[in-house]
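Structural characterization, general
Each chain, written out:
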Amino acid sequence: MISPEQLQTIAEKINGQALNETVVSGLRGEYPGVHFTYCMDDDLPNNEPLLEGAGFNLYLVDGREHCLRITDNYENASGIVIAEVIGE
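- You'll find the chain entered in an unreviewed UniProt entry as DUF6129 domain-containing protein, with Methylomonas methanica given as the organism.

Structure representation (structure tokens):
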């Protein structure tokens, strides 16, 4: 489970930073129970982010079934996708 407050805190930590694997690796170390993925926002067509930041969007991932999927259900979330938005 990922809480709305936890997602907001993570957004505040990455706000204003240049997104890269170092930033994501730091979050993985700080939140060992959460799976983090980093990609470009256009890699996630037809999905609505749960949180939008300056230059990034955050999505929740549900990993309960065989395949991972984007979800808006905080209780079922096991991971976060940090999707970089270019051109903002």
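Picking up where we left off.
1. Some thoughts on helix α1 (residues 4–14)
- Taken as a whole, α1 has its buried residues at Leu7, Ile10, Ala11 and Ile14. Projected down its long axis, α1 carries its buried residues within an arc of 100°, all on one side. Exposed residues lying more than 90 degrees from the buried face of α1 are Glu5 and Glu12.
- Next to the buried residues of α1 lie α2 (21–30), β1 (35–40), β2 (51–53), β3 (56–62) and β5 (77–84).
- Positive backbone phi, at 90°, marks glycine 16, one or two positions downstream of α1.

2. What about the nonpolar core?
- In terms of nonpolar packing, the biggest core is built from 19 residues, with Ile14, Leu27, Phe36, Leu58, Ile80 and Ile82 touching the most fellow members.
- Secondary structure elements with two or more residues in this core: α1, α2, β3 and β5.
- When residues of this core are assigned to their parent elements, the largest contribution, four residues, is made by α1.
- Setting aside chain neighbours within four positions, we find leucine 58 in contact with Leu7, Ala11, Ile14, Pro49, Leu50, Leu51, Ile80, Val81 and Ile82.
- Grouped together as the second largest cluster of nonpolar side chains are six residues, Leu44, Tyr59, Val81 and Ala83 included.

3. A short note on the side chain of glutamate 84
- Relative to the assigned elements, glutamate 84 resides in strand β5.
- No salt bridge is formed by the buried glutamate 84. Its closest oppositely charged neighbour is arginine 28, at 13 Å.
- Beyond its immediate chain neighbours, meaning those up to four positions away, glutamate 84 contacts Leu19, Tyr38, Cys39, Met40, Asp41, Gly55 and Phe56.

4. Section: the pattern of salt bridges
- Scanning all chains against the criterion turns up four salt bridges.
- We note a salt bridge from glutamate 21 to arginine 28, for which the minimum N-O separation is 3.6 Å.
- On the basis of relative accessibility, which here comes to 44%, the residue glutamate 21 falls in the partly exposed class.
- With a relative accessible area of 35%, arginine 28 lands in the partly exposed category.
- Between arginine 69 and aspartate 62 there is a salt bridge, and its shortest N-O distance comes to 3.2 Å.

What counts, and where the lines are drawn
- Residues numbered from 1 in each chain as written.
- Predicted model: local features only at pLDDT ≥ 70, side-chain atom pairs only at ≥ 80, totals over all residues.
- Heavy atoms only, no water.
- Buried < 20%, exposed > 50% of the residue type's maximum accessible area, 1.4 Å probe, protein only.
- Helix = DSSP H or I, 4+ residues; strand = E, 2+ residues; numbered from the N terminus.
- Arc of directions from axis to C-beta.
- Contact = heavy atoms within 4.5 Å.
- Core = buried A, V, L, I, M, F, W, Y, C linked by side-chain atoms within 4.5 Å.
- Lys, Arg positive; Asp, Glu negative; His and termini not counted.
- Salt bridge = Lys/Arg side-chain N within 4 Å of Asp/Glu carboxyl O.

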